[in-house]
Amino acid sequence: ARVLADGRLVRAVRICVVGDARVLDLGIEDAGGKRAYARVKSPAEIVWRVLTDFPSYPKWNPFLVSVQGNSSSGARLKIQARFPNGSAFQFSARIVKAIPATELRWRRRRLLEGVFDREQAFFIIPNGIKGVRFIQREHFSGLLAALIMPFISGKTTKAFSLMNLALKRTAEAK
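## Some thoughts on unusual backbone geometry
Glycine aside, negative phi is the norm for most residues, and most peptide bonds take the trans geometry. The backbone of A101 sits at a positive phi, close to 60°, despite the residue not being glycine. With respect to the helices and strands, the residue A101 is situated in the loop between β9 (88–99) and β10 (103–109).

## Quick notes on empty space enclosed by the protein
Taken as a whole and judged by the stated rule, the model has one cavity of 30 Å³ or more. Size it by volume and the largest cavity reaches roughly 40 Å³. Lining the largest cavity are F63, L64, F83, F89, F91, R108, R118, Q120, E138 and T156. Every element with two or more residues in the lining of the largest cavity is listed here: β9 and β11 (117–126). For the lining of the largest cavity, the per-class residue count stands at five nonpolar, two polar and three charged.

## Observations concerning the pairing of strand β8 (residues 76–82)
Only one face of β8 is covered, namely the one carrying L77, I79 and A81; the face carrying R76, K78, Q80 and R82 has none of its residues buried. The pairing of strand β7 (residues 64–68) with β8 spans four bridges and is classified as antiparallel. Counterpart to V67 in the pairing with β8 is I79. Sheet topology places β8 next to β9; seven bridges connect them, and they run antiparallel. Note on β9: the bridge partner recorded for K78 is S92. Following β8, the chain reverses through five residues before pairing antiparallel with β9; G86 in that reversal takes a positive phi of roughly 95°.

## Some remarks on the environment of K59
The residue K59 is located in helix α2 (residues 57–60) in this model. A relative accessible area of 73% means that K59 is categorised as exposed. When the C-alpha positions of K59 and T170 are compared, they lie 9.7 Å apart, and in sequence the two are 111 residues distant.

## Let's talk about the pattern of salt bridges
In this structure the tally under the stated criterion is eight salt bridges. Measuring nitrogen to oxygen at the nearest pair gives 3.6 Å for the salt bridge that ties E138 to R108. One end of the pair, E138, is in strand β12 (residues 132–141); the other, R108, is in strand β10, with 30 residues separating them in the sequence. Just as E138 is buried, R108 falls in that class too. Since its relative accessible area comes to 2%, E138 is described here as buried. One network of salt bridges, in which partners are shared, links K97, E103, R105, R107, E119 and R137.

## A short note on the packing of aromatic side chains
Under the defined criterion, the tally for this structure stands at eight aromatic pairs. Their ring planes at 65° and their centres at 5.1 Å tell us that Y57 and W60 sit as a pair that is edge-to-face. With Y57 and W60 both in helix α2, this residue pair falls three residues apart, about one helical turn. Assigned by exposure class, Y57 and W60 land together as buried.

Rules and cut-offs
- Residues numbered from 1 in each chain as written.
- Predicted model: local features only at pLDDT ≥ 70, side-chain atom pairs only at ≥ 80, totals over all residues.
- Heavy atoms only, no water.
- Helix = DSSP H or I, 4+ residues; strand = E, 2+ residues; numbered from the N terminus.
- 1 Å grid on protein atoms, 1.4 Å probe; cavity = no way out; pocket = protein on both sides within 12 Å on 5 of 7 lines; lining within 4 Å.
- Points joined across faces, edges and corners; volume = space filled by probe spheres on them.
- Nonpolar A, V, L, I, M, F, W, Y, C, P; charged D, E, K, R; others polar.
- Buried < 20%, exposed > 50% of the residue type's maximum accessible area, 1.4 Å probe, protein only.
- Pairing = 2+ DSSP bridges.
- Salt bridge = Lys/Arg side-chain N within 4 Å of Asp/Glu carboxyl O.
- Phe/Tyr/Trp six-rings, centres within 6.5 Å; stacked < 30°, edge-to-face > 60°.

Here's what the structure looks like:
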């Protein structure tokens, strides 16, 4: 583990290579969170279209296997997720930010606000003529976050990497 200049802790760096697709999992924890990214050789608008086409998730997304709702700010979502080990769960979330071709962010809470809250964000950052960098981040907060994170951190990181790789392949095929 090492600490970056901005205070974030890097625990592991893994590169998943499948064919010509590479997904870099930085394993960065920023005050209770995880993030992973992929370089995608597609315009931001195409990546956004893939990310927000929720009805198509069952066809390509190995992690978020079903999302019902729309991608506008304030919308409620019903989400079914599946970790790589096969364990599945459902949750509801509310979109707190939706900036086309740039950022999608939703928040969910368990029981009471401030006990164990999660915010998942997706960022699409232009990378010149090479396409975009797609970043998926989840931030955990609340009284129980430090206790729960060790149990879900590894599964979350692997699921993010698999989803990012699938999104990369889907967007680049369009």
